[in-house]
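Structure assessment
Each chain, written out:
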Amino acid sequence: MMFRVGNTRKSRIIASNINAYLIKYVADGIDLLNYHQIKLDLKVDASDDVLFIFPLTAVHKIDQRSPFFNVSAKDLLKCNVEILVVFEGTIESTGQPVQTKSSYISNEILWGRRYLEPYYYKKSKHGFVIDFSKFDETYRVNTPLCTAKELFTYYKNRSLRRLH
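The protein chain is annotated in an unreviewed UniProt entry as Inward rectifier potassium channel C-terminal domain-containing protein from Pieris macdunnoughi. Its UniProt record gives the protein chain a comment under Subcellular location (unreviewed entry), which states: "Membrane". Quoted verbatim from the Sequence similarities (unreviewed entry) heading of the UniProt record, the comment on the protein chain is "Belongs to the inward rectifier-type potassium channel (TC 1.A.2.1) family."

Turning next to the packing of aromatic side chains. Throughout the structure, instances matching the rule amount to six aromatic pairs. When the centroid spacing of 6.2 Å and the interplanar angle of 35 degrees are considered together, the rings of Phe3 and Tyr104 count as tilted. Placement of Phe3 in strand β1 (residues 2-5) and of Tyr104 in strand β7 (residues 97-105) is noted, with a sequence separation of 101 residues between them. Taking relative accessible area as the criterion, Phe3 reaches 5% and is therefore assigned buried. Taking the centre distance of 6.0 Å and the plane angle of 85 degrees together, the rings of Tyr119 and Phe128 count as edge-to-face. Classification of Tyr119 as partly exposed rests on a relative accessible area of 30%. Feature note: the residues Tyr119, Tyr121 and Phe128 constitute an aromatic cluster, connected by ring pairs.

What counts and how
Residues numbered from 1 in each chain as written. Predicted model: local features only at pLDDT ≥ 70, side-chain atom pairs only at ≥ 80, totals over all residues. Heavy atoms only, no water. UniProt positions renumbered as here; feature names shortened; annotations may be inferred. Phe/Tyr/Trp six-rings, centres within 6.5 Å; stacked < 30°, edge-to-face > 60°. Helix = DSSP H or I, 4+ residues; strand = E, 2+ residues; numbered from the N terminus. Buried < 20%, exposed > 50% of the residue type's maximum accessible area, 1.4 Å probe, protein only.

The structure is reproduced here in structure tokens:
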């Protein structure tokens, strides 16, 4: 699961971090909504050290520890969940803290998509240019519609059959 964060300000943002939370809404016996909040493990561009010069991609790996391990594409559409992504940092020039939040409900999550890179090298500028018009653009990748658990079990059984 991927989230993208970009800085459109003129000033740089330092000491930044990204957190994501899964919020599951559950109806209790009195028809009142309760919720459970789970912090998602994130890696930011495959690193623990975040340097916020280019747009960043935060990735939640769906493995045995993920709350999405038993969720298929069809299940996700039926879930009553929300993912809250919180970005925090400090504006370098003023020292002011900055925080921004984005929220995604289950039908806003795009299954089997990856982000296009929003930057390219421009020879005349002798450096990279960020094209924010491509910031939210994705492309389709071949992703199974089953749960990660089912996929894990399939590959495990397949490798066991090869050994026999």
